[in-house]
Amino acid sequence: MTKEFYSCTQTIYPDEFLLKMTNIKPVRKAVFPVAGLGTRFLPATKSVPKEMLTIVDKPVIQYAVEEARAAGIEHFVFVTGRNKAVIEDHFDIQVELELTLRERDKHDALDLLASSLPKAGQTSFTRQQSPLGLGHAVWCARDIVGDEPFALLLPDMVMQDKKGCLSSMVELYNNTGGNIIATEEVAWEETHKYGVVETGKEVDGGFEITGMVEKPKPGTAPSNLFINGRYILQPEIFDILSGHEKGAGGEIQITDAMLKLANLQEFYGFRFTGRTFDCGSREGFITANVAFAMSHEELAKDLRTELKNILDEVQPE
Ligand code: UTP
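As the structure is a prediction and not an experimental result, all values here were calculated from the model. (Residues numbered from 1 in each chain as written. Predicted model: local features only at pLDDT ≥ 70, side-chain atom pairs only at ≥ 80, totals over all residues. Heavy atoms only, no water.)

Some points on the overall build of the protein
- Within the protein, the secondary structure is distributed over 11 helices and 13 strands.
- Its C-alpha atoms give the protein a radius of gyration of 20 Å, near enough to 20 Å, the size a compact globule of 317 residues would have.
- Across its three principal directions, the C-alpha atoms of the protein cover 65 × 50 × 40 Å.
- Looking at the protein as a whole, 47% of its 317 residues qualify as buried.
- Taking the intrachain contacts of the protein between residues at least 6 apart in sequence as the baseline, contacts between residues at least 24 apart amount to 77%.
- For the protein, the exposed surface amounts to about 16,700 Å²; the carbon and sulfur share of it is 51%.
- A gap of 2 Å separates the mean positions of the 33 positive and 47 negative side-chain charges of the protein. (Helix = DSSP H or I, 4+ residues; strand = E, 2+ residues; numbered from the N terminus. Rg over C-alpha atoms; globule rule 2.2 N^0.38 Å. Buried < 20%, exposed > 50% of the residue type's maximum accessible area, 1.4 Å probe, protein only. Contact = heavy atoms within 4.5 Å. Areas by Shrake-Rupley, 256 points an atom, 1.4 Å probe, with all protein chains shown as cover. Lys, Arg positive; Asp, Glu negative; His and termini not counted. Charge placed at Lys NZ, Arg CZ, Asp CG, Glu CD.)

Laid out in structure tokens, this is it:
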């Protein structure tokens, strides 16, 4: 099953790295890397993690956790760093708050808090001591994930769709096994900003991935499907990440490790047809707030009027 992937240096791995396709293990765990510095949101992120900035009334991280839960994930692994303790608190009981709400008969608020709380023992937190890159953050979760496939969700990438992106990916995975990468269409002239996949044979619910390129030069992208921040990966990725090879920007990159793994194991793409907001950028974060507020029945009507007023007041340059 060995195949050559372009944009990838060929490395020889021992046979035990090869995926045994006959045995499709279920995806039970999800990894959320939340140790990044969030420099694009300074000064807000000096003391507040960017994953705790809110879209309407929920922190960014909660959208990814809810998507994972809807996909049947049973264990939520957070890779945190300094100044991120508040994320751990967010997924715990807040005793004083709950007592006060109970005294005031605020049952709706209590139900809301209970509905977003993982069950006891369903969360693990580990630390990435230095932000050496996304690939390194994922590697920090190796002992908690162990020898089983896992979902990787980049919480910055917030998705809006009736059916969660990860739920559809799990369905595809249950057919194909292997590794799954979610992709989404982007305008061809924008492809140079993203990781882009090359598409092979169609399979039920997705397609074979035959190549991946990080930020292709304008006019050279193999497709207009960009990698949108959701993955199902086999545990052999940890062996590759343990090489700590630095890539673009001097950081340990998950894409480099996936390119190596793709020489040994199958990769399939899922075409996500909802919308992804890159909430690691100010523009994406603000757009997400407007989009989610406009789909909120209590907020949409008044917000539409307010937005119209603002747009009428602002003179085009
Ligand atoms: P980004 O590329 O957005 O980096 O990370 P960043 O440091 O968080 O943000 P900027 O660019 O300085 O504004 C994508 C995801 O990977 C995590 C981040 O927390 C984010 O969820 N990450 C990144 C880590 O956990 N560790 C790292 O070393 C780098």
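Still more to cover.
A word on the nonpolar core
- Core analysis: the biggest nonpolar cluster contains 36 residues, and Met-212 and Ile-237 have the highest contact counts within it.
- Taken together, the elements giving at least two residues each to this core come down to β4 (75-80), α5 (134-139), β6 (150-153), β10 (206-214), β11 (225-233), α8 (236-241) and α9 (254-261). (Core = buried A, V, L, I, M, F, W, Y, C linked by side-chain atoms within 4.5 Å.)

Digging into the confidence of the model for the protein
- Per-residue confidence for the protein gives a mean pLDDT of 90; residues scoring 70 or more make up 92%.
- Low pLDDT, under 50, characterises residues 8-12; the stretch is placed with 8 contacts to residues that sit more than four places away or in other chains. (pLDDT = per-residue confidence, 0-100.)

With respect to the site of the ligand
- Near the ligand you find 18 residues, and of these Pro-33, Thr-39, Lys-50, Gln-128 and Gly-133 are the closest.
- The separation between an oxygen atom of the ligand and a polar main-chain atom of Pro-33 is 2.8 Å.
- Separating an oxygen atom of the ligand from a backbone N or O atom of Gly-133 is a distance of 2.8 Å.
- The protein chains hide 83% of the 570 Å² of surface that the ligand would expose on its own. (Near = heavy atom within 4 Å. Polar contact = N/O pair within 3.5 Å; in protein donor to acceptor, adjacent residues only side chain to side chain.)

Topic: helix α7 (residues 165-176)
- With 12 residues, α7 should reach 16 Å at 1.5 Å per residue; the first-to-last C-alpha distance of 17 Å fits that figure.
- Within α7, 9 of the 12 residues are buried, which leaves the element mostly enclosed by the surrounding structure.
- Just past α7, the residue Gly-177 takes up positive phi, approximately 65°. (Expected span 1.5 Å × (residues − 1).)

Description of the environment of Cys-165
- In this structure, Cys-165 sits in helix α7.
- Among all residues touching Cys-165, those that are not within four sequence positions of it are Glu-67, Met-159, Ala-182, Asn-228, Arg-230, Phe-270 and Phe-272.

A closer look at the packing of helix α3 (residues 95-103) against helix α4 (residues 107-115)
- Interhelical geometry of α3 versus α4 gives an angle of 150° and a closest axis separation of 8 Å. Of the possible angle classes, the one that applies to α3 and α4 is roughly antiparallel. Residues Leu-97, Glu-98, Leu-101 and Arg-102 of α3 form the contact with α4, whose participating residues are Ala-109, Leu-110 and Leu-113.
- Residues that form the contact of α3 with α4 fall into these classes: 5 nonpolar, no polar and 2 charged. (Axes fitted to C-alpha atoms, helices over the stretch in contact; angles between N-to-C directions. Parallel < 35°, antiparallel > 145°, perpendicular 65-115°, else oblique. Nonpolar A, V, L, I, M, F, W, Y, C, P; charged D, E, K, R; others polar.)

What about a nonpolar patch on the surface?
- Together, Ile-93, Val-95 and Leu-99 make up a nonpolar patch on the protein surface, roughly 270 Å² of accessible area in all.
- As for its position among the elements, Val-95 is in helix α3. (Patch = residues over 30% accessible without salt bridge, like charges linked within 9 Å, V, L, I, M, F, W, Y side chains within 5 Å. Salt bridge = Lys/Arg side-chain N within 4 Å of Asp/Glu carboxyl O.)

Description of the pattern of salt bridges
- Going through the model one piece at a time under the given rule, you end up with 15 salt bridges.
- Put simply, Lys-163 and Glu-171 hold a salt bridge, and the shortest N to O gap is 2.7 Å.
- Owing to a relative accessible area of 46%, Glu-171 belongs among the partly exposed residues under this scheme.
- For Lys-308, the salt bridge is made with Asp-312, and the minimal N-O distance between the two is 3.4 Å. Separated by 4 residues within a single helix, Lys-308 and Asp-312 lie in helix α11 (residues 300-313), roughly one turn from each other.
- Take Lys-308: its relative accessible area is 52%, and that puts it in the exposed class.
- With relative accessibility at 52%, the residue Asp-312 sits in the exposed group.
- One salt-bridge network, held together by shared partners, links Arg-28, Lys-29, Glu-74 and Glu-148.

Brief notes about the packing of aromatic side chains
- What the rule picks out here adds up to 9 aromatic pairs.
- Judged by centre distance (5.5 Å) and plane angle (80°), the ring pair of Phe-41 and Phe-285 falls under edge-to-face. Highlighted residues: Phe-41 in the loop between β1 (29-33) and β2 (54-55) and Phe-285 in helix α10 (residues 282-294), separated in sequence by 244 residues.
- Of the residues examined, Phe-41 reaches a relative accessible area of 9% and is grouped as buried.
- Of the aromatic side chains, those joined through ring pairs into one cluster are Phe-32, Phe-76, Phe-78, Phe-91 and Phe-125.
- Over the ring of Tyr-63 we find Lys-58, and its NZ or CZ is 4.7 Å from the ring centre.
- Above the face of the Trp-139 ring, Arg-142 is positioned so that its terminal group lies 3.7 Å from the ring centre. (Phe/Tyr/Trp six-rings, centres within 6.5 Å; stacked < 30°, edge-to-face > 60°. Lys NZ or Arg CZ within 6 Å of the ring centre and 35° of its normal.)

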